[in-house]
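Chain by chain, the residues:
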Amino acid sequence: MDLILWRHAEAQEPEEGMSDLERALTRRGQQQASRMAAWLDRQLPEGTRILASPAVRTVQTARALQRKFRPRDELLPGAAPEALLRLAGWPDAKGPVLVVGHQPTLGQTIAQLLGMNDPECAVKKGAVWWLRSRERGGAAQTVVVTVQTAELL
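Fair warning: this is a prediction, and the values are worked out from it, not measured in the lab. (Residues numbered from 1 in each chain as written. Predicted model: local features only at pLDDT ≥ 70, side-chain atom pairs only at ≥ 80, totals over all residues. Heavy atoms only, no water.)

A. The pairing of strand S1 (residues 2-7), seen in detail. For S1, the buried fraction is high: six of the six residues fall into the buried class. Residue alternation in S1 divides its side chains into two sets, Asp2, Ile4 and Trp6 and Leu3, Leu5 and Arg7, and both sets are buried. As paired elements, S1 and strand S5 (residues 128-136) share five bridges and run antiparallel to each other. Counterpart to leucine 5 in the pairing with S5 is tryptophan 129. The pairing of S1 with strand S4 (residues 97-101) spans five bridges and is parallel. In the strand pairing of S4, leucine 3 is matched with valine 97. (Buried < 20%, exposed > 50% of the residue type's maximum accessible area, 1.4 Å probe, protein only. Helix = DSSP H or I, 4+ residues; strand = E, 2+ residues; numbered from the N terminus. Pairing = 2+ DSSP bridges.)

B. Spatial organisation of the packing of aromatic side chains. Per the stated rule, a full pass over the model turns up one aromatic pair. Measuring from ring centre to ring centre gives 6.4 Å for tryptophan 39 and tryptophan 130, while their planes differ by 85 degrees; the resulting arrangement is edge-to-face. Here tryptophan 39, found in helix H1 (residues 27-43), pairs with tryptophan 130, found in strand S5; they are 91 residues apart in sequence, far enough to count as distant. For tryptophan 130, a relative accessible area of 6% gives the class buried. (Phe/Tyr/Trp six-rings, centres within 6.5 Å; stacked < 30°, edge-to-face > 60°.)

C. Local environment of the environment of alanine 79. Topologically, alanine 79 is positioned in the loop between strand S3 (70-71) and helix H3 (81-88). Take alanine 79: its relative accessible area is 11%, and that puts it in the buried class. Linking alanine 79 and alanine 24, residues 55 residues apart in sequence, is a C-alpha distance of 19 Å. Excluding anything up to four places from it in sequence, alanine 79 contacts Glu74, Thr105 and Gln108. (Contact = heavy atoms within 4.5 Å.)

D. Inspection of the packing of H3 against helix H4 (residues 105-114) at higher detail. At their nearest, the axes of H3 and H4 sit 9 Å apart, and the two run at 80 degrees to each other. Considering the angle they form, H3 stands roughly perpendicular to H4. In contact with Pro81, Glu82, Leu84 and Leu85 of H3, H4 contributes Thr105, Leu106, Gln108, Thr109, Gln112 and Leu113. (Axes fitted to C-alpha atoms, helices over the stretch in contact; angles between N-to-C directions. Parallel < 35°, antiparallel > 145°, perpendicular 65-115°, else oblique.)

E. Quick look at the sheet that holds S3. Spatial strand order, S3-S2-S4-S1-S5-S6: six strands in an open sheet with mixed pairing. Each end of this open sheet is capped by a strand with a single partner; those strands are S3 and strand S6 (139-148). Here helix H2 (residues 56-63) sits on the sheet in contact with S1, strand S2 (49-52) and S4, set at roughly 140 degrees to S4. Running at roughly 130 degrees to S1, H3 makes contact with S1, S2 and S4 of the sheet.

F. Just the pairing of S5, in detail. By the bridge criterion, nine bridges tie S5 to S6 in an arrangement that is antiparallel. By the bridge assignment, tryptophan 129 is partnered in S6 with valine 147. Linking two consecutive strands that pair antiparallel, namely S5 and S6, is a turn of two residues; a positive phi of about 60 degrees is found at glycine 137 within it.

In structure tokens, the structure reads:
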């Protein structure tokens, strides 16, 4: 199974009276999302299931891909890595799953899957981490396929 984790692009700072979920992408964030979406569109297999947090900034990031996606409350800020993995069907889903989400959840999920000593991995805004589950010698492994940032595209 391929699990692609895409952190939302750069978002505006909260204004007075604005909830965290209402924060929209900045102009730079829109550019980041557009560049990464163009790259992802060339890489993602047809039929990739796409899930996103319903926060405005993640919905805007996911929309840049111009593919159907499902907003899921299980991916709201502060979600547990276990909830993300359960929702994605890791490691047994039949096809690839793209999750558009938030820190620290994405970084915690990466750290858990890669067996890192730290409980969280830093994930740059707008970046994609592409992970793959496989079995080698009877043992389950998580392989990093690629890590991509919008600035390098």
